[in-house]
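What follows is the residue order along each chain.
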There are 2 protein chains.
Amino acid sequence: MTINNATAVAASERSQRIYQCLFRPQSIAVVGASTAPLKPGGRVFNLIHQHGYAGTLWPINPKATELHGVPVIPSIAALPSAPDLALIAIPSHMVLDAVTELAEMGTGAVIVLTSGFGEKDAAGKELENKMKEVADKAGMALIGPNCSGFLTTTYKGKFAGIVPQLPGGDVDFISGSGATVDYVMECAEARGLSFGTVINLGNSAQLGVEDLLKIYDENYNEDCAKILMIYMEAVKKPALLLQHARSLGKKGCVMIGIKSGATEAGSRAAASHTGAMATSDTAVEALFEKAGIIRVAGRGALIDVGCVVKAVKGRLSGKRVCIVTDAGGPGVMLADELNRAKMELPALSEKTLEELAKILPAESSIINPIDALPSRTDKQIEAIIRVLGELEADNLDAIAFLTGDSGLSDNAAIYQAISDAAPKSPIPILPMLSSLTSCGEKIDTFIRQGNVFFPDEVGMATAVGKVAGYFEPVEVTDRPAGYDQTAIQEALTGVEGALDPAIVKQVLLSAGFVLPEQIEVFEKEQLAAQCQRIGFPLVMKVIGPLHKTDVGGVRLGIANEEDALKTWTELMAINEATGVLLQPMVTGQEVILGASLEGEFGHLVMFGLGGIYAEVLKDVRFALAPLAPVEARRMIDGIRCRPLLDGVRGEPGMNVDILSDFLVRLGHLVADFPEIAEIDLNPVKGTGDRLYVVDSRIIMKK
Amino acid sequence: MTINNATAVAASERSQRIYQCLFRPQSIAVVGASTAPLKPGGRVFNLIHQHGYAGTLWPINPKATELHGVPVIPSIAALPSAPDLALIAIPSHMVLDAVTELAEMGTGAVIVLTSGFGEKDAAGKELENKMKEVADKAGMALIGPNCSGFLTTTYKGKFAGIVPQLPGGDVDFISGSGATVDYVMECAEARGLSFGTVINLGNSAQLGVEDLLKIYDENYNEDCAKILMIYMEAVKKPALLLQHARSLGKKGCVMIGIKSGATEAGSRAAASHTGAMATSDTAVEALFEKAGIIRVAGRGALIDVGCVVKAVKGRLSGKRVCIVTDAGGPGVMLADELNRAKMELPALSEKTLEELAKILPAESSIINPIDALPSRTDKQIEAIIRVLGELEADNLDAIAFLTGDSGLSDNAAIYQAISDAAPKSPIPILPMLSSLTSCGEKIDTFIRQGNVFFPDEVGMATAVGKVAGYFEPVEVTDRPAGYDQTAIQEALTGVEGALDPAIVKQVLLSAGFVLPEQIEVFEKEQLAAQCQRIGFPLVMKVIGPLHKTDVGGVRLGIANEEDALKTWTELMAINEATGVLLQPMVTGQEVILGASLEGEFGHLVMFGLGGIYAEVLKDVRFALAPLAPVEARRMIDGIRCRPLLDGVRGEPGMNVDILSDFLVRLGHLVADFPEIAEIDLNPVKGTGDRLYVVDSRIIMKK
């Protein structure tokens, strides 16, 4: 997953050209244009035309002469020049020829709307592959086939679903599924999120979500939204996703993403939808976390998180929320949910309480939640927000404002008070408006003023927790002291398969791990002397068989020379035994560190407690290598059994800084040597600062 | 928590009278009536009048002569006769006098809308108590103060929030918070749930949620809804809630409930809202589960679950769902979510696939999810539902139907097809309609035809999982064989505090538990002989100190007589030591069974694995005593470490039927003897069928 900067720069000019043709084309040809409102070619032409595309528009149709007053071109061959962009909406058997013709004449980009290719059958897949070859050869960008099109600020080139109505561009969207985007947009607009650029990629014969992310990132400009949503059913280029998600994050763009097909049933559904291959959801989860993409499961959460990010203008500064409500019950439910989402409801200062008491009647509750009662007025609301801003700006990270239709005062005035106060408030305001029916039009006015709102406390609190709890991507720091890459390289030169314990030892010591002293004995005569060097009690392990424990090849607590000699005889009788390894007995908690290669994702590093905790309770955490110290620490702190590491029932604990250091070393080791297929440090054991890699194995890639 | 049937029957006549006066009054007096639309007394009078109340309506106001043409009565004293019901909306300092006057003249029920009582200060609480005394003495029902009123099919007696518009009565609602109900109703109506009777209880000076539930249950009739929602911030009468929730369940009414104030922050908020005392949320959770109430955390889930129950007409028959969609992505997300909600997506039969292939174009996917593509028509939808009904009725428990606005066909026809097909389909249909904006009016028509819909896949799937996963209340069966209630009674007669081990042993053996043999030794001379009776290795425990382990009073693995004598000396040197208990060593897994009295909730029985599993991992389950075998089994199967009970890594497991039997015995023991404050069987230990209560203690209530 190392990023080659040279390649990135070289790609940039081509990337600019693709961006220009796909997002800001100066000429568009619509192959199969008509005015039939319910046919793809009709709908896409109508939309581009109706939404005032300012460039040159060429409808292509052999049977018409003009559409909506625009002169029709009879064929691709008759085009006066190669268009920047061509949208194709003709029967599937004619598509390859059209793509070929367009490629050969120098068209910049083609979007194939037509379906019936890879998603249909093998013959369709074959056609799709040929299209890609043609496009690749000509250096032409190819989107689709089987996609619903593009919405950009320059043109509305889609045939299915809706065209968003809300002005502005809070959100851009790159999606592997067209209907998903439409489903999201409909609900999101009703909540106050406006859309700028919306990209659907269909079958992704040539360009997929990750490729468009790269182009988007490389051309990110002031026209782009501050929120980028993505929807994927497969992650084919994880390194690209990671690189550009991180880059966008640095540019102030918050990414929120769905990778569906996460469960077994979902994965089957995704395979039949877009032919997505099953990927390890653990790897996807780790990738999103590392990339700083807020991952959600469905549309509702996508929208809720988008609303939080828009309302707070990026990240929440912390976890402290004050609830202002006009209704006790919803205030209690929201308090519950914020608590569950690991947010805090801090106490307000005495001074604040004094000021609030002047604003609200005596029956009000002015602790947090502040209950302004159904009789609340716009003046009161305005005053509460002002007081909180003046006195609690350092104490609060957000104000959750709940209001319904009490029937006792004018809600429009309340909404207006929030709308006016929000831009001035130093504390971001999250409005929860419940009266969707009786105040529908007033809420519509509220969102047209640029506000978002939340209809439900659980959705709001969960989203707030997500935004407050997600991690900004961290740069992986330099390799730690005592990590000798050259020495590891030497140890790994020319090896293959399951490595010899001596080589494993050399690798681990070179990487800076601490191992208990160990001595290999191959002659019975040397046993007694070497045992004396280690000291009793000690551990004896058979050398030779791979799964030592399974063949009874690990013997603990050897107390004296007599025991040792008896055990030697037993161990050497095991099949494939060639010798015996002596180690001191190490006591204390056992943990497991490991890493395995997950295809294009690179190595997934694992951490968990040993024994049944990992095996039965599945209490393990994963992250993609290499790891920054903060990521390693997050893994350690993330296991459910975390308290056990501090020691329980009077037993001593483990120094988690050293554990974290071990994880960082492991991350670098596998990232630097991707030829390692699997590595297990199992167990790492000890107490306090004295932690040892007691057993380990490394298997190289075939 | 034993139900006294005699009391229940005696209460019934009074309950009928209260029901009549509160829900079906023949005369209503509005004390403080006016026509001012934004004042409580004006609003409540206007609503009752405008919504065509058919009984006698008496506005009471000293300053007016008629309101909307209804003659005004100048004072309570001037009423021609005692009303069935009086609604009070006058300043708080005048309320007690009004209540007293109404009580003395024989008014059936009073609803006090006025606020400024217990929720305000101690003086208000005092007034509230006096009101209750007056009402109790006169046998008058008292609702409130500080409540927003009642909606019934007879009259609309509320002053705040909305009056629902949708005809029908899918849902009745009993709530401790008025605004919560309004917030719910607004959103629920927009989803197709109509409301019949809606009750808000405010401060509950006399009658609370549980009391109204009793009255509702005892008068449940064909006018009542099939879904009853409840909202509570405190459970004051758990036994009453349990009894009547179970009774309503048997009558076919599905209860869905919120008990908020579940977390620490929520509990603080609830205390300041309704003065709710903090109750153990563990006990609340156990109570709802035992009562068969589907518990949800917020409004969104309440509505989603309500929509599922309405759509499937009660319970789901199983966990098998088929997704029919017009969009791949949302189908994949729904599949993911259904999987997470522990639902299943079964494969369809060959015959079904053949039939579907005839209906849909070749590009469609016809596995489950069935993807009908954006080009879907009403005829296709109708045919799909028909085919599934004909061929898959035994294979499916629900059809989740997803459709958005594809822009390619008429959505109204699609909705109509679902609306027409649903009543005829043997498989319940759950419609997810996404195009809230572009199809808003069409969706409105759809719900006015009696349908519900879901806007989001996560909300739908979670609710489906809740409805499929909740447990119908079970009757607790007879006491198990070998449970000798008389013998236990004898053992517990006259005891107090922490019981003597000999009495604990007698109680447990009488209840049918299995204990390892144990011998108490008080004379050193008897030690050797008694050790021989038990057999080595054995366990020695000090007698006297309560927390034996803490004082080093438990010694395991005593191997021989010499060891035993040495240990005797050590144990007898412990403070308060009076003797030593001998037991055989028992090996195997350790679990903890316990029960403690949770006030009005009765005893909460606990089960978990011993040691760190319970202490650090909090991997324990609770249920209210007494327990049916199925409830005991659910506790055992509900712990995360459940696989450990079957044995791991070659270690033998435990017979969970015996564990379950122990839990049932424990449940009866504490339910039959509520004077037991705490009982711990810790550990219960052993392998296979040989499980023993190795250590135990019982503490009686003071």
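For the structure, check the block above.
Residues numbered from 1 in each chain as written. Chains lettered and ligands numbered in written order. Predicted model: local features only at pLDDT ≥ 70, side-chain atom pairs only at ≥ 80, totals over all residues. Heavy atoms only, no water.

Student: Help me understand helix α16 (residues 457-469) of chain A in this model?
Tutor: Since the α-helix packs 3.6 residues into each turn, any two residues three or four apart lie on the same face. Spanning 13 residues, α16 of chain A covers 18 Å between terminal C-alpha atoms, matching the ideal 18 Å at 1.5 Å per step. Of the positions making up α16 of chain A, those classed as buried are Glu457, Gly459, Met460, Ala461, Ala463, Val464, Gly465, Val467 and Ala468 of chain A. Buried positions along α16 of chain A lie against β14 (294-295), α10 (299-312), α11 (328-340), β17 (398-403) and β18 (429-433) of chain A together with α10 (299-312) of chain B. Measuring from the side-chain oxygen of the N-cap residue of α16 of chain A to the backbone nitrogen of Val458 of chain A gives 3.3 Å; that N-cap residue is Asp456 of chain A. (Helix = DSSP H or I, 4+ residues; strand = E, 2+ residues; numbered from the N terminus. Expected span 1.5 Å × (residues − 1). Buried < 20%, exposed > 50% of the residue type's maximum accessible area, 1.4 Å probe, protein only. Contact = heavy atoms within 4.5 Å. Polar contact = N/O pair within 3.5 Å; in protein donor to acceptor, adjacent residues only side chain to side chain.)

Student: Which parts of the structure should I look at to understand the interface of chain B and chain A?
Tutor: How big an interface is tends to be stated in terms of the accessible area lost upon association of its parts. Counting from both sides, the interface comprises 87 residues of chain B and, opposite them, 87 residues of chain A. Carbon and sulfur atoms make up 60% of the area that chain B and chain A hide from each other, which totals about 6300 Å². In this structure, the connection of chain B to chain A is made through 2 salt bridges. The shortest N-O distance in the salt bridge between Glu457 of chain A and Arg299 of chain B comes to 2.8 Å. In this assembly, chain B and chain A are joined by 24 residue pairs in polar contact (both at pLDDT 80 or more). Contributions of two or more residues to the side of chain B that touches chain A are made by α5 (178-189), α8 (264-274), α10, α11 (328-340), β17 (398-403), α16 (457-469), α21 (612-615) and α23 (642-645) of chain B. Among the elements that line the side of chain B that touches chain A, the one with the most residues is α11 of chain B, at 10 residues. Class assignment of the residues belonging to the side of chain B that touches chain A gives a composition of 38 nonpolar, 29 polar and 20 charged. (Buried area = accessible area lost by both parts, 1.4 Å probe. Salt bridge = Lys/Arg side-chain N within 4 Å of Asp/Glu carboxyl O. Nonpolar A, V, L, I, M, F, W, Y, C, P; charged D, E, K, R; others polar.)

Student: Help me out: how do you make sense of the sheet that holds strand β11 (residues 195-200) of chain B in this one?
Tutor: Sheet strands line up and pair through hydrogen bonds in the backbone, either parallel or antiparallel. All names here are of chain B. Spatial ordering of the open sheet is given by β9-β8-β11-β10-β12-β13-β14, a layout of 7 strands whose pairing is mixed. The open sheet terminates on both sides in strands that have one partner only, identified here as β9 (156-158) and β14 (294-295). Of the pairings in the sheet, the one linking strand β8 (residues 149-151) to β9 comprises 3 bridges and is antiparallel in character. Within the sheet, the bridge partner assigned to Phe150 lies in β9 and is Gly157. Strands in contact with helix α6 (residues 209-218) are β8, β10 (171-175), β11, β12 (227-232) and β13 (254-259); relative to β10, the strand with the most contacts, it is inclined by about 145 degrees. (Pairing = 2+ DSSP bridges. Axes fitted to C-alpha atoms, helices over the stretch in contact; angles between N-to-C directions.)

Student: Quick question: what am I supposed to make of the relation of the copies chain B and chain A here?
Tutor: The operation relating the pair of chain copies consists of a rotation about an axis and a translation along that axis. Under the fitted operation, chain B is carried onto chain A by 0.0 Å of movement along the axis and a turn of 180 degrees, and the coordinates agree to an RMSD of 0.3 Å. As the rotation angle and translation indicate, the two copies are arranged about a two-fold axis. The overlap is high: 100% of the interface residues of chain B also sit at the interface in chain A, so the same surface is used on both sides. (Least-squares fit on C-alpha atoms with pLDDT ≥ 70 in both.)

Student: What exactly am I supposed to notice about unusual backbone geometry here?
Tutor: Glycine aside, the phi torsion of most residues is negative, and most peptide linkages are trans. Gly144 of chain A connects to Pro145 of chain A through a cis peptide bond whose omega is 0 degrees. For Pro145 of chain A, the location among the structural elements is in the loop between β7 (141-143) and β8 (149-151). Following Asn682 of chain B, the chain continues to Pro683 of chain B via a peptide bond in cis, the omega torsion being 0 degrees. Of note, the phi angle at Ser204 of chain A is positive, near 55 degrees, even though the residue is not glycine.

Student: Explanation requested: the sheet that holds strand β7 (residues 141-143) of chain B in the structure shown.
Tutor: Residue and element names in this part refer to chain B. The strand order β2-β1-β5-β6-β7 describes an open sheet built from 5 strands, whose pairing is parallel. This sheet does not close on itself; its edge strands, each paired only once, are β2 (56-60) and β7. Averaged over all pairs of adjacent strands, the angle between their axes in this sheet comes to 15 degrees, without regard to strand direction. Note: strand β6 (residues 109-112) against β7, 3 bridges, orientation parallel. The residue of β7 that forms the bridge with Ile111 is Ile143. Of the strands in this sheet, β1 (27-31), β2 and β5 (85-88) touch helix α2 (residues 40-50), which is tilted by about 155 degrees from β1.

Student: Looking at this structure, I do not really get the packing of aromatic side chains. What am I missing?
Tutor: Counted according to the given criterion, the structure contains 12 aromatic pairs over all chains. Between Tyr216 of chain B and Tyr220 of chain B the ring centres are 5.7 Å apart and the planes differ by 65 degrees, which places this aromatic pair in the edge-to-face class. By relative accessible area, which is 1% here, Tyr216 of chain B ends up buried. Linked through ring pairs, Tyr19, Phe23 and Phe150 of chain A together constitute an aromatic cluster. The positively charged end of Arg634 of chain A is found above the aromatic ring belonging to Phe471 of chain A, 3.5 Å away from the centroid. When the ring centre of Phe288 of chain B is taken as origin, the NZ or CZ atom of Arg295 of chain B, which lies over that ring, is 5.6 Å away. (Phe/Tyr/Trp six-rings, centres within 6.5 Å; stacked < 30°, edge-to-face > 60°. Lys NZ or Arg CZ within 6 Å of the ring centre and 35° of its normal.)

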